[in-house]
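Chain and residue survey
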Amino acid sequence: MEAEEDALVGMEATLSGPVGLRMTQCFGSVNAVRADPRRELVWVGTSAGDVTTLHAETLQPYSCWNPERANAPEKKQSLPLHLQTTQAILDLAPVGQESLVASCTKDQLTLNDVGGFTRFARKIEDLKRNKHQALQSSAKPATCTCLEATYATSSTVSVGHSEGAVSLVDFTREGEMVACCWPEKSFVPTGAALSGVHSVAPYRRGVICALNSPKGGSMVVTDFRDRRLCASQPSLSCFSGAIGCVKTQSLNSDLVVCCGYSKSRYGSEGGLVRDPYIKVFDVRYAVRAVTQVLCGFAPVAVTCHPQFSDCFLSFSEAGIVSVTDVSAGHGQVMQQFQLQASPYAQEGVHFAAGDISTSGDVFVFGDTVGNLQLWGTDATSALNPISEPLPVPSDTSYETCSTYQMDENGPLACVPTYAREDEGEPLLSDISKQDMCVGFPPRDLYPQVAREMATVDAKLSVVRITTKNEGILKNLNYRIPNPISRGVRRRDRKANDVFVPGKYLYKQIQGGGFHEGKYVEFDFGFYNTTKFAGLENNLPNCYCNPLLQVLYFTYPFCSELLRCTPDPNAEFCIRDELSFLVYMLRRAEGDQPCQAQNLMRALMQSQDALNVGVLSSTMDAQICRSTREIEADVNKEQSLFRRIQTLFRFLCEHLHKEELELRKLKSNSDHRTLAKGVFGFTNSVINKCTKGHVTKKDTLYFQTSLQLPKDTEVDKTFMELLQESIMSETSIRAWCNSCNTYVPMTQRRIVSSLPAVLAINCNIKNLRQLRFFASQATEAPWLKTKIFLKTDKAKGNVLASEAPGEEGDDQSKWVEYDLTAMISMVVDERGKNDFVDPDTSTDSITDTDAHFITHVRVHPAYDGSDVSAEGEEGEPRWVLFNDFCVTPTDVKDAMQMFGHKKVPCMLFYSRRGAQQGAAAKGLRPTPDLSRDAFHSLCAERPLTYGRQLKNTFTSLNPKTETPGSGGGMKVVGIDCEFVALSKTEKQLHPDGSETILKNARLVLARVSVVRGEGPSKNVCFIDDYVRAVEPVYDYLTRYSGLVEGDLDVGRSKHHLTTLKKTYMKLRYLVDQGCHFVGHGLKNDFKMINITVPADQIIDTVELFRLSHQRKISLRFLAAYLLKKDIQGVTHDSIEDANIALELYDVYCELKEAGTLKQKLQELYRWGRENKWDLEKLSTGS
């Protein structure tokens, strides 16, 4: 109640006494008005078809354009402006974060920037339809009534149509209609003004739309999360006539307010009159009426207050604005005020559109004659709490505006003017000829420095620092810091008298950068002194890296995964992607960290993973995001501590379910799957009523939770808490089928079967409970590294002990478990090692506050030693994994909590017999494909089968051509092309050097493999284009040769296939020992997520490179050594692979003749003298 009263007081203070700030006039009736959510701008759409942006501070025009006239045919544009009739703007909405606005007329959708430049314009009936989505009707909407952005920074808009449909249009896909739904399949358009979907509002599960039909106005919640189904909840009738406006407060709000019309024989609009009631609904589970508010007037429109979730504004035709609060379950009018009465005193003039700013302090209103009023709480009110600067508008934005014939009574506000920063400052035309002081003249640069300047754009030049001009720049007071310094990479920090080793701190990958004219790569080897590979943390959802390491080092789980045979037709199989990842970790070296990108890609396609909230968006919100990624952010488990526990449970349950489906077994089958055989155990729930009736239910579990006492002063041992966690007894009141009534019951929960690996959630609620895990150096650790469990089926209980039992007890029934892994959360706020409040709840710790690390006990098999040797050499080997930072450690270090900085999250105890049971199988992977399966996969039809395709390759002959080092084709040429899903983030330093803060996320788009030996040498036998499943930010056409449509199943003219099939082909070539010849293969294989032994890589970048010198491009090597001009306009992967093979032949010849070093010195000398200019090579100079 106190919180509600504080909010009520704040609302009254915010809305008390609004005053009129400014007023202006537009050309035509104001049909739509919006306050920009990021800048001090007001967007106005008029009946004349113009879109106008106004400065909020002065209401002076910022830019103005007519979308329909600007995109009209050339013949129509040649007519005089007064003859170019255009349709009215029906609605508009700010879109994205680039000052864009989407507007719609009756049959056209347009996207413009703030200056009026057209980004997209197309008729509704000409919008592209996503052929991968099963649209619910063969009909296609051709008209538009309203639109709304799906959320604040989205590039996707929800569009309502008079045909009764609602659709999603994605501007990042050239205005593609990615989904379309008919909420009422029997709807028949009537042609009335309010017919169809007249208003839409965003919602976290889809779109709330107002559907008006002859039956009346109904509200429907359309679910666009699964675009193949586009499910709609049952509609709820709101008004007998039609719904005029429907609004929600935010994406996550469950309250919806609407106003509308009732049927009456006296009505003017098809027998409709405005209803005096505003109705409030709750759409949390189903559309449910909450209350209705009787206004003192007939509301024209409603809108929700952005700061108070239970407060909304209503507007009347006469210009009365009412602020109503519904937090108490009924409507209570908090404030009413009247707009300037003079415009509304005229006959036929009434309110038309209104909006409220994101700050809640400014109101914008428009009427039917073009008057625009700005009201606020005081004279200093701003639209937004923090506003971004305005870009420069286009000089030609007014050329397409509607003309206004001025007369003696015409409004001067319709004449375009340009605002000045200071109203008292005279115009430049008023200044007479006089001398003006403009500051000091520009500093003259030395010629050596001027030659090194590179033009970035027309206004910015960057000085590239070299050893020659470094001394000159120092004299010019330039600072030249080292962008990547090893001196600050590792250090131990001290916070609140608690010593935290540097190996626990969060390490960020800096993508390298140019320093002193050289590209400096990030040194992963500095952070890893072991032979075990880490995982990079510069990808979304990298919080799961410690869990993936635990799964890899769980010996029976890893052994079974390596022997799994993947199914190439199951594109997003989690088990197969996990097997690929453990295979990659098995073959990778310590200084070559791996990525879990393909696994995360498969998880993102799983609807179950999105529902449980274990994923976040894989793309930058400033670029473009699919509905799947938006859903991932909405459903994401905010507590980082619980998210990794949920992820482990989801992976085990999904692997179990997935394997049963592959074997075509029922979900309740007793078949032993991979997850069930390693982590699964049976948890029995036994209910016994007072009359002795017993019911038992067995459930498969994969983890158990440690029940820590809420009172931290209670002293209990780890074994006591574990005993209570795996076997509990409580009293409940429940239904008894035998007694046929509710009776008191005793409920017992016991673990009736023991797993091979026992996973325990530490279940820490707040950081004070860490006292159970903390122990002094002189004391025995509270957490035990060895435990013994025994199940007694006769008595129905489970015993836990530190020793095998008392004397005389049957020792063979006790099962010994060893602690083999512990996942912990390190609270560091991304390196800010400050004091942590011990009362902090673990649920409040988010991604930016902490990260995960894991301690793993390494099985001898991972070192290549005999499995039976475990335990014979003394202490077991422990390793700390902190993403790509891998450090040897011991079990004592794992037990240290470092105050409240290190929070144990999950414990893994392995049964001693289970490790030896899998010992005979070892960690030897089974080949993914046989020889026949490889040739069959290469000859498989592409996804674009049935369309005339470009024939760019000839498959291997199974009888005469066999890849591999065993007598077959040993050398192949390869080249890969990639597309970007996000942009690169760089930091430019004053000295001209730059540091890459975040690399662009690249995915494989095309791979070409050519024959390197035999009679068909240089003939391509694999040329796969990989189908894109995520929105592409940049096709990188200049470097990849790919254009939009090449990766689309419905439009591609190439051999399009899935990433998994391409991966398995390359994996087969690697397993057969093929040597890959290419240019820059290290990065290519890293992006593909495949590990290739160093002795199988022949990289022309390294072949033709002198030590500590720059790397030379493939184009330059081809021009200098082969006299061939390649990569003129775009790249072609087949051509690049063949050039790499030819360069390898030249390398072999030079090395055999003993002139390789001389040739390289000559090449570098020529390049430095001619500044690596290829044009001089073509002219023969």
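Remember, predicted model here, so these are calculated numbers, not experimental data. (Residues numbered from 1 in each chain as written. Predicted model: local features only at pLDDT ≥ 70, side-chain atom pairs only at ≥ 80, totals over all residues. Heavy atoms only, no water.)

1. Focus on the sheet that holds strand S3 (residues 41-46)
Each strand in a sheet pairs with another by means of backbone hydrogen bonds, the pair being arranged parallel or else antiparallel. If you walk across this open sheet you meet the 4 strands as S2-S3-S4-S5, and the pairing is antiparallel. Edge positions in the sheet fall to strand S2 (30-35) and strand S5 (61-65), since each has one partner strand and no second. Each strand axis lies, on average, 15° off the axis of its neighbour in the sheet, ignoring direction. In terms of strand pairing, strand S4 (residues 51-55) meets S5 through 4 bridges, oriented antiparallel. (Pairing = 2+ DSSP bridges. Helix = DSSP H or I, 4+ residues; strand = E, 2+ residues; numbered from the N terminus. Axes fitted to C-alpha atoms, helices over the stretch in contact; angles between N-to-C directions.)

2. Topic: empty space enclosed by the protein
Empty space among the atoms becomes apparent when a probe as large as a water molecule is rolled across them. Scanning the entire structure with this criterion turns up 13 cavities of 30 Å³ or more. Of the volumes computed, that of the second largest cavity is approximately 120 Å³. What lines the second largest cavity is a set of 13 residues, among which Arg-601, Val-1003, Arg-1027, Ala-1028 and Val-1029 lie closest to the centre. Grouping the constituent residues of the lining of the second largest cavity by class yields 10 nonpolar, no polar and 3 charged. (1 Å grid on protein atoms, 1.4 Å probe; cavity = no way out; pocket = protein on both sides within 12 Å on 5 of 7 lines; lining within 4 Å. Points joined across faces, edges and corners; volume = space filled by probe spheres on them. Nonpolar A, V, L, I, M, F, W, Y, C, P; charged D, E, K, R; others polar.)

3. A look at the side chain of Thr-854
Relative to the assigned elements, Thr-854 resides in strand S45 (residues 850-858). For Thr-854, a relative accessible area of 0% corresponds to the buried category. A polar side-chain atom of Thr-854 sits 3.3 Å from the main-chain carbonyl oxygen of Met-822. In contact with Thr-854, not counting residues within four places along its chain, are Pro-546, Gln-549, Val-550, Met-822, Ile-823, Val-879, Leu-880 and Phe-881. (Buried < 20%, exposed > 50% of the residue type's maximum accessible area, 1.4 Å probe, protein only. Polar contact = N/O pair within 3.5 Å; in protein donor to acceptor, adjacent residues only side chain to side chain. Contact = heavy atoms within 4.5 Å.)

4. A word on the side chain of Asp-1136
Counting through the fold element by element, Asp-1136 comes out in helix H24 (residues 1133-1153). One buried charged side chain, Asp-1136, makes no salt bridge at all; its nearest oppositely charged neighbour is Arg-1006, positioned 8.3 Å away. Each residue touching Asp-1136, except ones within four places of it in the same chain, is listed here: Asp-975, Glu-977, Leu-1114, Ile-1126, Gln-1127 and His-1131. (Lys, Arg positive; Asp, Glu negative; His and termini not counted. Salt bridge = Lys/Arg side-chain N within 4 Å of Asp/Glu carboxyl O.)

5. Description of the pattern of salt bridges
Applying the stated criterion across every chain yields a total of 35 salt bridges. Among the ionic pairs, Asp-932 bridges to Arg-931, the shortest N-O distance being 3.8 Å. Residue Asp-932 is classed as exposed on the basis of its relative accessible area of 58%. When its relative accessible area of 32% is taken as the criterion, Arg-931 is described as partly exposed. For the salt bridge of Arg-1011 with Glu-961, the shortest nitrogen-to-oxygen distance reads 2.7 Å. With a gap of 50 residues between them, Arg-1011 in strand S52 (residues 1002-1011) and Glu-961 in the loop between helix H18 (931-938) and strand S49 (971-980) connect regions that are remote in the sequence. A relative accessible area of 2% places Arg-1011 in the buried class.

6. Let's talk about the environment of Thr-682
When you line up the elements, Thr-682 lands in strand S36 (residues 681-689). Take Thr-682: its relative accessible area is 25%, and that puts it in the partly exposed class. Between the alpha carbons of Thr-682 and Phe-702 there is a distance of 8.7 Å; along the sequence they are 20 residues apart.

7. Describing helix H13 (residues 640-662)
Here H13 contains 23 residues, and its C-alpha end-to-end distance of 32 Å stays within 8% of the 33 Å for a straight helix at 1.5 Å per residue. Taking burial as the measure, the 23 residues of H13 include 18 buried ones, the bulk of the element. A positive phi of about 60° marks Lys-664, the residue just after H13. (Expected span 1.5 Å × (residues − 1).)

8. Looking at the environment of Phe-224
Take Phe-224: it is sitting in the loop between strand S16 (216-223) and strand S17 (236-239). It is 9.6 Å that separates the C-alpha atoms of Phe-224 and Arg-204, two residues lying 20 residues apart in sequence.

9. Thoughts on the packing of aromatic side chains
Counted by the stated rule, this structure contains 33 aromatic pairs. Between the aromatic rings of Phe-557 and Phe-679, the centroid separation amounts to 5.6 Å while the plane-to-plane angle is 55°, which identifies the pairing as tilted. Placement of Phe-557 in helix H8 (residues 555-562) and of Phe-679 in the loop between helix H14 (674-678) and S36 is noted, with a sequence separation of 122 residues between them. Look at Phe-934 and Tyr-1068: their rings are 4.3 Å apart centre to centre, the planes differ by 15°, and that puts the pair in the stacked class. Highlighted residues: Phe-934 in helix H18 and Tyr-1068 in helix H20 (residues 1059-1071), separated in sequence by 134 residues. Against the face of Phe-239 rests Lys-279, its NZ or CZ located 4.6 Å from the ring centre. Over the ring of Tyr-1039 we find Arg-1038, and its NZ or CZ is 5.9 Å from the ring centre. (Phe/Tyr/Trp six-rings, centres within 6.5 Å; stacked < 30°, edge-to-face > 60°. Lys NZ or Arg CZ within 6 Å of the ring centre and 35° of its normal.)

10. Examining the packing of helix H23 (residues 1114-1121) against H24
It is at 11 Å that the axes of H23 and H24 come closest, and there the two elements cross at 50°. One way to sum up the angle between H23 and H24 is to call them oblique. Regarding H23 and H24, the two cross each other, and that crossing is left-handed. Of H24, the residues touching H23 (which contributes Leu-1114, Leu-1117, Ala-1118 and Leu-1121) are Asp-1136, Ile-1139 and Leu-1143. Class assignment of the residues belonging to the contact of H23 with H24 gives a composition of 6 nonpolar, no polar and 1 charged. (Parallel < 35°, antiparallel > 145°, perpendicular 65-115°, else oblique. Left-handed = near helix turned anticlockwise from the far one by under 90°.)

11. Structural notes on the pairing of S36
Across 8 bridges, S36 lies against strand S37 (residues 694-701) in antiparallel orientation. Within the sheet, the bridge partner assigned to Phe-681 lies in S37 and is Tyr-701. Between the end of S36 and the start of S37, which pair antiparallel, lie 4 residues, with Gly-692 showing a positive phi angle near 90°. Relative to strand S40 (residues 741-751), S36 runs antiparallel, the two sharing 7 bridges. If you follow Ser-684 over to S40, its bridge partner there is Ile-750.

12. Topic: unusual backbone geometry
Its identity is not glycine, yet Lys-664 carries a phi of approximately 60°, on the positive side. If you trace the backbone, Lys-664 turns up in the loop between H13 and H14. Since its relative accessible area comes to 75%, Lys-664 is described here as exposed.

13. Observations concerning H23
Here H23 lies mainly inside the structure; 7 of its 8 residues are buried. Lys-1123 occupies a position one or two residues after H23 and carries a positive phi of about 60°.

14. Looking at the environment of Val-1092
One can find Val-1092 in the loop between helix H21 (1081-1088) and strand S56 (1097-1099). Spatially, the C-alpha atom of Val-1092 lies 8.9 Å from that of Arg-1067, the residues being 25 residues apart in sequence. With residues near it in sequence (within four places) discarded, Val-1092 still touches Val-1070, Phe-1076, Phe-1085 and Ile-1097.

15. Focus: the confidence of the model for the protein chain
Confidence in the prediction of the protein chain, expressed as mean pLDDT, is 78, and 76% of residues score 70 or more. Below a pLDDT of 50 lies the segment residues 471-497, which in the model reaches 56 contacts outside its immediate sequence neighbourhood of four places, other chains included. Counted against residues more than four places away or in other chains, residues 866-873, with its pLDDT under 50, gives 8 contacts. (pLDDT = per-residue confidence, 0-100.)

16. Some remarks on the sheet that holds strand S26 (residues 332-338)
In space, the 4 strands of this open sheet follow the order S23-S24-S25-S26, with antiparallel pairing throughout. Where the open sheet ends on each side, the last strands, each with one partner, are strand S23 (299-304) and S26. Across the sheet, the mean angle separating the axes of adjacent strands is 20° when strand polarity is ignored. Looking at chain direction, strand S25 (residues 320-325) and S26 are connected through 6 bridges and run antiparallel.

17. Here's the deal with the packing of helix H9 (residues 574-587) against H13
Look at H9 against H13: their axes get within 9 Å of each other, and the N-to-C directions meet at 115°. Between H9 and H13, the interaxial angle falls into the category roughly perpendicular. On H13, the residues touching Ile-574, Arg-575 and Leu-578 of H9 are Leu-651, His-654, Leu-655, Glu-658 and Leu-662. Among the residues making up the contact of H9 with H13, the classes are represented as 5 nonpolar, 1 polar and 2 charged.

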